[in-house]
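Secondary and tertiary structure notes
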Amino acid sequence: MSKLLLAALLLLAGLVGVTLLRAAARERAAEAAYPPGGDFVTVEGHRVHYTVTGEGPDLVLIHGASGNLRDMTFGLAERLAAHYRVIAFDRPGLGYTDRIDAAGASIGEQAALLARAAALLGAERPVVMGQSYGGAVALAWAVNHPETLSALVLVAAPSYPWDGGLPRLYKVNAHPVLGPLAIPFLTAWVPQSYVDRAVAGVFEPQQELPGYADHIGAPLTLRRHSLRENALQRASLKSELAALSERYDGLDLPIEIVHGTADETVSLTIHSQRMARDLPGANLATLEGIGHMPHHSRPGAVVEAIHRAANRAGIRTAPGP
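For the structure given in this document, a descriptive report is provided here. Everything quoted here is computed from the prediction, not taken from an experiment.

Digging into helix H9 (residues 224–244)
The end-to-end C-alpha distance of H9 is 29 Å, a good match for the 30 Å that 21 residues give at a rise of 1.5 Å each. The largest bend in H9 amounts to roughly 45° and is located at leucine 237.

Listed below in structure tokens is the structure:
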């Protein structure tokens, strides 16, 4: 072995070692800065992290991709707690809920886990609201476990397959070989400025709300297991929705949909407008000029949709947003 090759191998080994140490340090720092804010319930050996606020009819909130339940506790859960017993969950592998397995949890597996967790918390046929990817999980809950919820609220949610491939970052992170190689470097070296831009970009064309970035705990998503889980979940979503959507005609419950016309992350036309056409029980509220985060940009509209769903399901709630 030449001295040049040996030096290159030693340099690479050193870089890998420093990267792994830095990745572990950033994970510890993220968890110290954003510790679990709720409690845990164990479902068949899997710990599920949740928060409960308020009293009244049960309402479950499910967050989207690259996030955690803190997205739902940034104002929305507190606002709803005046009328409901609000349960917010971390989805598997995100926040502080355990991964189900190394292959990535399907929307069906996630729905089954959260439905069981809700039951263990005493939630009897809750209204279930999901935003973005969380809406796909809520749909799987309604399709696969219809007896366990009373109404469904979808906010900027994907519900049908769409044209186009997987974004490059998800493709790399979900790859069986490239993912485990690349993810530690992302955890270790992605700058905070990149994270800040990504968080702000989700709100476009609206401005990110003051205090949101500090509250959400975005560094938790940069942990190695969360990056891997998030990518695997996203990689399989389109095919899972293709199969799930063939069963929507069996849905027999109140469905309220909220979607912004300026959402460039999840298409209003492909998803929410199609569902409103296909399902007589689905009512669509279209928000002019609103992007992918209506539960923050127009929280009153989302609260009103939840009230409509609860009232249609025969749950008595206080009127108004």
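Quick look at the nonpolar core
Judged by nonpolar contacts, the single largest core of 44 residues is most densely connected at Phe89, Trp141 and Tyr248. The dominant element in this core, judged by the number of residues it contributes, is helix H4 (residues 133–144), at nine residues. Tryptophan 141 has contacts with Val60, Ile62, Ala111, Leu114, Ala115, Ala118, Pro126, Val128, Pro146, Thr148 and Leu149, leaving out every residue within four places of it along the chain. If you look at the next biggest cluster of nonpolar residues, it comprises 26 residues, including Leu69, Met72, Ala301 and Ile306.

Quick word on a nonpolar patch on the surface
Where nonpolar side chains cluster on the molecular surface, the patch consists of Leu15, Val16, Val18, Leu20, Phe185 and Trp189 and spans about 480 Å² of accessible area. Those elements giving two or more residues to the nonpolar patch turn out to be helix H1 (3–33) and helix H6 (178–189). Looking at the nonpolar patch element by element, the count peaks at four residues for H1. If you trace the backbone, tryptophan 189 turns up in helix H6.

Considerations on the side chain of aspartate 58
When you line up the elements, aspartate 58 lands in strand S3 (residues 58–62). There is a polar contact of 2.9 Å between the side chain of aspartate 58 and the side chain of arginine 85. From its side chain, aspartate 58 meets the backbone nitrogen of glutamate 124 in a polar contact 3.2 Å long. Not counting chain neighbours up to four residues away, the residues in contact with aspartate 58 comprise Arg85, Gly122, Ala123, Glu124, Pro126 and Val127.

A closer look at the packing of helix H3 (residues 107–120) against H4
Helix-helix packing: each pair is described by the crossing angle between the helix axes and the interaxial distance. Packing of H3 against H4 leaves a shortest axis separation of 8 Å and a crossing angle of 75°. It follows that H3 is roughly perpendicular to H4 by the angle criterion. The residues of H4 that touch H3, namely those facing Ile107, Gly108, Gln110, Ala111, Leu114, Ala115 and Ala118, are Tyr133, Ala136, Val137, Ala140, Trp141 and Asn144. Residue classes in the contact of H3 with H4 are distributed as ten nonpolar, three polar and no charged.

Notes on the sheet that holds strand S8 (residues 282–287)
In any sheet, the strands associate via hydrogen bonds between backbone groups, in a parallel or an antiparallel arrangement. Taken together, the eight strands give an open sheet; going across it, the order is S1-S2-S4-S3-S5-S6-S7-S8, and neighbouring strands pair in mixed fashion. Each edge of the sheet is formed by a strand with only one pairing partner; in this case those strands are strand S1 (39–43) and S8. Looking at each pair of strands side by side, their axes are set apart by 25° on average, direction ignored. For S3 and strand S5 (residues 127–131), the ladder comprises four bridges, and the chain directions are parallel. Paired with valine 60 across the strands is valine 128, a residue of S5. Across the sheet, H3 lies against S1, strand S2 (46–53), S3 and strand S4 (85–89), angled at about 115° from S1, the strand it touches most. On top of the sheet, helix H12 (residues 299–312) reaches S3, S5, strand S6 (151–155), strand S7 (255–260) and S8; it is set at about 165° to S7, its chief contact.

Here we look at the layout of surface pockets
In this structure, the largest pocket spans a volume of roughly 1,300 Å³. Lining the largest pocket are 42 residues, and of these Ala65, Ser66, Tyr170, Val202 and Asn230 lie nearest its centre. For the lining of the largest pocket, the secondary structure elements donating two or more residues are helix H5 (168–174), helix H7 (192–203), helix H8 (212–216), H9 and helix H10 (268–278). With seven residues, the top contributor of residues to the lining of the largest pocket is H7.

Re the packing of aromatic side chains
Centre-to-centre distance and the angle between the planes together describe a pair of aromatic rings. Under the definition given, this model contains three aromatic pairs. Between phenylalanine 74 and tyrosine 212, the aromatic rings sit 5.3 Å apart at their centres with planes inclined by 85°, giving edge-to-face as the arrangement. Taken as a pair, phenylalanine 74 in the loop between S3 and helix H2 (76–80) and tyrosine 212 in helix H8 lie far apart in primary sequence, 138 residues in all. Tyrosine 212 matches phenylalanine 74 in its accessibility class, with the two residues each being buried. Note on phenylalanine 203 and tyrosine 212: the rings are 4.9 Å apart at their centroids and 80° apart in plane angle, and the pair reads as edge-to-face. When its relative accessible area of 5% is taken as the criterion, tyrosine 212 is described as buried. Cluster of aromatic residues (ring-pair linked, three or more members): Phe74, Phe203 and Tyr212. In this arrangement the basic side chain of arginine 223 is found over the ring face of tyrosine 96, its NZ or CZ atom lying 5.2 Å from the centre.

Section: the packing of H4 against H9
H9 packs onto H4 with a crossing angle of 40° between their chain directions and a minimal axis gap of 11 Å. Viewed along their axes, H4 and H9 adopt a mutual orientation that is oblique. For the element pair H4 and H9, the recorded crossing hand is left-handed. The segment H4 lies against H9, with Tyr133, Ala136, Leu139, Ala140 and Val143 engaging Gln233, Arg234, Leu237, Leu241 and Leu244. In the contact of H4 with H9, the residues fall into eight nonpolar, one polar and one charged.

Reading the values: rules and limits
Residues numbered from 1 in each chain as written. Predicted model: local features only at pLDDT ≥ 70, side-chain atom pairs only at ≥ 80, totals over all residues. Heavy atoms only, no water. Helix = DSSP H or I, 4+ residues; strand = E, 2+ residues; numbered from the N terminus. Expected span 1.5 Å × (residues − 1). Bend = angle between axes of the 7 residues up to and from the residue. Core = buried A, V, L, I, M, F, W, Y, C linked by side-chain atoms within 4.5 Å. Buried < 20%, exposed > 50% of the residue type's maximum accessible area, 1.4 Å probe, protein only. Contact = heavy atoms within 4.5 Å. Patch = residues over 30% accessible without salt bridge, like charges linked within 9 Å, V, L, I, M, F, W, Y side chains within 5 Å. Areas by Shrake-Rupley, 256 points an atom, 1.4 Å probe, with all protein chains shown as cover. Salt bridge = Lys/Arg side-chain N within 4 Å of Asp/Glu carboxyl O. Polar contact = N/O pair within 3.5 Å; in protein donor to acceptor, adjacent residues only side chain to side chain. Axes fitted to C-alpha atoms, helices over the stretch in contact; angles between N-to-C directions. Parallel < 35°, antiparallel > 145°, perpendicular 65-115°, else oblique. Nonpolar A, V, L, I, M, F, W, Y, C, P; charged D, E, K, R; others polar. Pairing = 2+ DSSP bridges. 1 Å grid on protein atoms, 1.4 Å probe; cavity = no way out; pocket = protein on both sides within 12 Å on 5 of 7 lines; lining within 4 Å. Points joined across faces, edges and corners; volume = space filled by probe spheres on them. Phe/Tyr/Trp six-rings, centres within 6.5 Å; stacked < 30°, edge-to-face > 60°. Lys NZ or Arg CZ within 6 Å of the ring centre and 35° of its normal. Left-handed = near helix turned anticlockwise from the far one by under 90°.

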